[in-house]
Amino acid sequence: MLHLYNTLTAKKAEFQTIQPNKVGMYVCGPTVYDYDHIGHARTYLNFDLLNRMLRFQGNEVTYIQNITDVGHLMNDAETGKDKIKQKAQETGQTTAQVIEHFSEAHKDVMKRLNILSPDNYPKASEHVKDIISFVEELIEKGYAYATTEGNVYFRVSKKADYGKLSHRGIAEIVTGTRIEPAKDKLSPADFALWKAAPFGATEMVWDSPWGKGFPGWHIECSAMSRKYLGDTFDIHGSAVEHVFPHHENEIAQSEALTGKEMAKWWVHTGLLSVNGQKMSKSLRNTVSVDEALQEYSPNELRLAMYQTHYRRPFDYTRANMEQGVVLRRKIFSQYNSLPEQTSGDIYQQIIAYLEDDLDSPQALQCWGNNINKISKSDTNRLFDIFGLIYRRIEDDPAAQRLAADRHVARQNKDFLTADNRKAELLQLGYEAVDNDESTDYVPR
Ligand SMILES: [Zn+2]
């Protein structure tokens, strides 16, 4: 049985679904103003592992991931420029072009990483009607108020359990975090559900009962998760930096509206750093997924990142990434000589580690130490769970031709040609490992 850590209860417990063998999972998607970086990759790779484990255990998973294409302001709170508008201005494009380009880039890079596609990628801008009626209902219930400036805020003081996800009281939240002041708020902890349009704005603004404006960032996830997964669903996830304010505010909005629990399980992935430092624009140390994939294959990226538990911080360093390369080589190079039958004990042990709050580091260590004790069919199952793709060179005529070429070149001691073919093979996804007599082509 799968056990999962729940941020809401701060405990690990046996995972139970609301409906038998059905899981509704919502993971906050990207704000589409830039290419995905390796922090995104880490988050979505870990939710992919969870998704694959849930399916492996016989669940039918409905996976929703939103696309934030409006309302995410520069400082994540509620002031500053809209991230997408800013990008459009910098690049001389329309906001629609920016949104289209980066949404497609996101889907594309997720595919390259072999991440199972969500069942739906709802866009905030296409759900403004749902958001407006959500906000109207919150006002009717007294949980929100509109101001003369055309903004609508959530009245945090009315929600007695506000802070239950981040395990902090309201007073602590107000003093402990930098909340942007807004002169029309009744209390500093209140947060925006709807923002009045800046003067003269024509793009990304909608008519509403409160005048022209656009939705706040948090409300889109409340409105869209409810629309696609219902009032209460099984799993809500994202990276740990979204526990507060994003998820705390989602819970407040949704539970105020429905009077029901929003999600049963709150799952958060740990932080990612690059060589021990927080990734940031000012440090110029942001690594895009594209850049990472120029050095490491998707299999290697997975095997490197999964060697750190999803809740722990992951440091993107050469040494940590090389561990993924080493393990990929170790596992794949032995694939052809795996036994057809084994006792299955090691395989069961690996599954047991994964069932323990997705303990992928232990699972991979056990696998790496016992590759030959797992049958080929069980290994194929592990490939599926970890999202690994094993490509056989026998099925790839272009690569086979290069390998044959290289073989001839080596026999003729034409090492320049042999090296060129080796590099080309690597590009195609096969690493040449030369033995005394022959060469193995290990998939990357
Ligand atoms: Zn969200």
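Cut-offs applied
- Residues numbered from 1 in each chain as written.
- Predicted model: local features only at pLDDT ≥ 70, side-chain atom pairs only at ≥ 80, totals over all residues.
- Heavy atoms only, no water.
- Helix = DSSP H or I, 4+ residues; strand = E, 2+ residues; numbered from the N terminus.
- Buried < 20%, exposed > 50% of the residue type's maximum accessible area, 1.4 Å probe, protein only.
- Contact = heavy atoms within 4.5 Å.
- Donors = N, O, S within 2.8 Å, 3.2 Å for Na, K, Ca; no water.
- Tetrahedral: all angles 85-135°; square planar, octahedral: opposite > 155°, others 65-115°.
- Lys, Arg positive; Asp, Glu negative; His and termini not counted.
- Salt bridge = Lys/Arg side-chain N within 4 Å of Asp/Glu carboxyl O.
- Phe/Tyr/Trp six-rings, centres within 6.5 Å; stacked < 30°, edge-to-face > 60°.
- Lys NZ or Arg CZ within 6 Å of the ring centre and 35° of its normal.
- Pairing = 2+ DSSP bridges.

Draft legend 1. Examining the environment of F134 more closely. Relative to the helices and strands, F134 is located in helix α4 (residues 128-140). F134 sits in the buried class, given a relative accessible area of 4%. The spatial distance from the C-alpha of F134 to the C-alpha of A223 is 6.7 Å, given a sequence separation of 89 residues. Once you skip the residues sitting within four places of it in the chain, F134 turns out to touch I219, S222, A223, R226, Q253, S254 and L257.

Draft legend 2. Expanded view of unusual backbone geometry. Cis geometry is adopted by the peptide bond preceding P245, which originates at F244 and carries an omega value of 5°. Inspection of the secondary structure puts P245 in helix α7 (residues 243-258). Despite not being glycine, N275 shows a phi value in the positive range, around 50°. Turning to its location among the elements, N275 is positioned in the loop between β11 (272-274) and β12 (277-278). By relative accessible area, which is 56% here, N275 ends up exposed. One non-glycine residue, K413, lies in positive phi territory at about 55°. Along the chain, the position of K413 falls in the loop between α14 (397-411) and α15 (415-428). Residue classification places K413 among the exposed residues on the basis of a relative accessible area of 61%.

Draft legend 3. Molecular detail of the coordination of the zinc ion. Every protein donor of the zinc ion is accounted for by C28 (SG), C221 (SG), H246 (NE2) and E250 (OE), and the metal-donor separations fall at 2.1 to 2.5 Å. Here the zinc ion is ringed by 4 donor atoms whose angles at the metal span 76 to 131°, and the overall shape comes out irregular. Between consecutive donors of the zinc ion, the numbers of intervening residues give the motif C-x192-C-x24-H-x3-E. Of the two residues, C221 is situated in helix α6 (residues 217-229) and H246 in helix α7; the sequence distance between them amounts to 25 residues. H246 shares its class with C221; the two are buried.

Draft legend 4. Layout of the side chain of K123. Assignment of secondary structure puts K123 in the loop between α3 (95-112) and α4. In this structure, K123 is buried with no salt-bridge partner, the nearest side chain bearing the opposite charge being E100 at 4.5 Å. For K123, the contacting residues outside a window of four places in its chain are I67, D69, I99, E100, S103 and M224.

Draft legend 5. Molecular detail of the packing of aromatic side chains. Counted according to the given criterion, the structure contains 16 aromatic pairs. Measuring from centroid to centroid gives 5.1 Å for F154 and F191, while their planes differ by 15°, and the two rings are stacked. Here F154, found in strand β6 (residues 152-154), pairs with F191, found in strand β7 (residues 191-196); they are 37 residues apart in sequence, far enough to count as distant. Each of the two residues, F154 as well as F191, counts as buried. Aromatic rings pair up to connect Y306, F332, Y335, W367, F383, F386 and Y390 into one cluster. Across from the ring centre of Y143, 5.0 Å away, lies the NZ or CZ of K158, which sits over that ring. Taking NZ or CZ as reference, R168 lies 4.7 Å from the ring centre of F244, over its face.

Draft legend 6. Expanded view of the pairing of strand β4 (residues 60-65). Judged from the 6 bridges that link them, strand β3 (residues 22-27) and β4 form a sheet pairing that is parallel. Note that in β4 the partner of G24 across the bridge is T62.

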